[in-house]
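Observations on the model geometry
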Amino acid sequence: MPESATACNCTACRRYGALWAYGIEGERIEVSGPTQTYTRGKCVVFHFCPTCGCVAYWRGLETSKTGRYPMGVNLRLTDPENVAQIPINHHNGLKGAEDLPRDGRCVADYWF
């Protein structure tokens, strides 16, 4: 279970409407199954379900200090009751790369 979810306002994440659970490939995040990809710039590749087109996760194109790839899994594809109480972090990816203070909201607050 992730410790937090991140709502990013960059042009890609805002359009996808994703809530990301961040981690490192092979440590806290495991993904499987076929995907279609879209490489955005020189930093990240987005993976989409080839059947329905939903964005499933992103993976960094450069490794971390440990030699593994950073990743984010889209929590909006999870059953709401399983992730409802996870707190939300806000990331200002639109104007730089600034992490903003938490405002007390959790994943459930983003679902109607």
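Summary of the structure given here. Computed from a prediction, not measured in an experiment: that's the story for all the values here.

Reading the values: the criteria
Residues numbered from 1 in each chain as written. Predicted model: local features only at pLDDT ≥ 70, side-chain atom pairs only at ≥ 80, totals over all residues. Heavy atoms only, no water. Helix = DSSP H or I, 4+ residues; strand = E, 2+ residues; numbered from the N terminus. Rg over C-alpha atoms; globule rule 2.2 N^0.38 Å. Buried < 20%, exposed > 50% of the residue type's maximum accessible area, 1.4 Å probe, protein only. Contact = heavy atoms within 4.5 Å. Lys, Arg positive; Asp, Glu negative; His and termini not counted. Charge placed at Lys NZ, Arg CZ, Asp CG, Glu CD. Pairing = 2+ DSSP bridges.

1. Digging into the overall build of the protein
Scanning the protein for helices and strands turns up two helices and eight strands. When its helices and strands are written in sequence order, the protein yields β-α-β-β-β-β-β-α-β-β. Computed over the C-alpha atoms, the radius of gyration of the protein is 14 Å, within 12% of the 13 Å expected from 2.2 N^0.38 for a compact globule of 112 residues. Per-residue burial for the protein yields a buried fraction of 36% across its 112 residues. The long-range share in the protein, meaning contacts at least 24 apart out of those at least 6 apart in sequence, stands at 46%. Positive and negative side-chain charges in the protein, numbering 12 and 11 respectively, have mean positions lying 9 Å apart.

2. Some remarks on the pairing of strand β3 (residues 36-40)
As judged from the five bridges shared by β3 and strand β4 (residues 44-48), these two strands associate in the antiparallel manner. Note that in β4 the partner of Thr-39 across the bridge is Val-45. The hairpin turn running from β3 into β4, its antiparallel successor, is three residues long, and Gly-41 in that turn takes a positive phi close to 65°.

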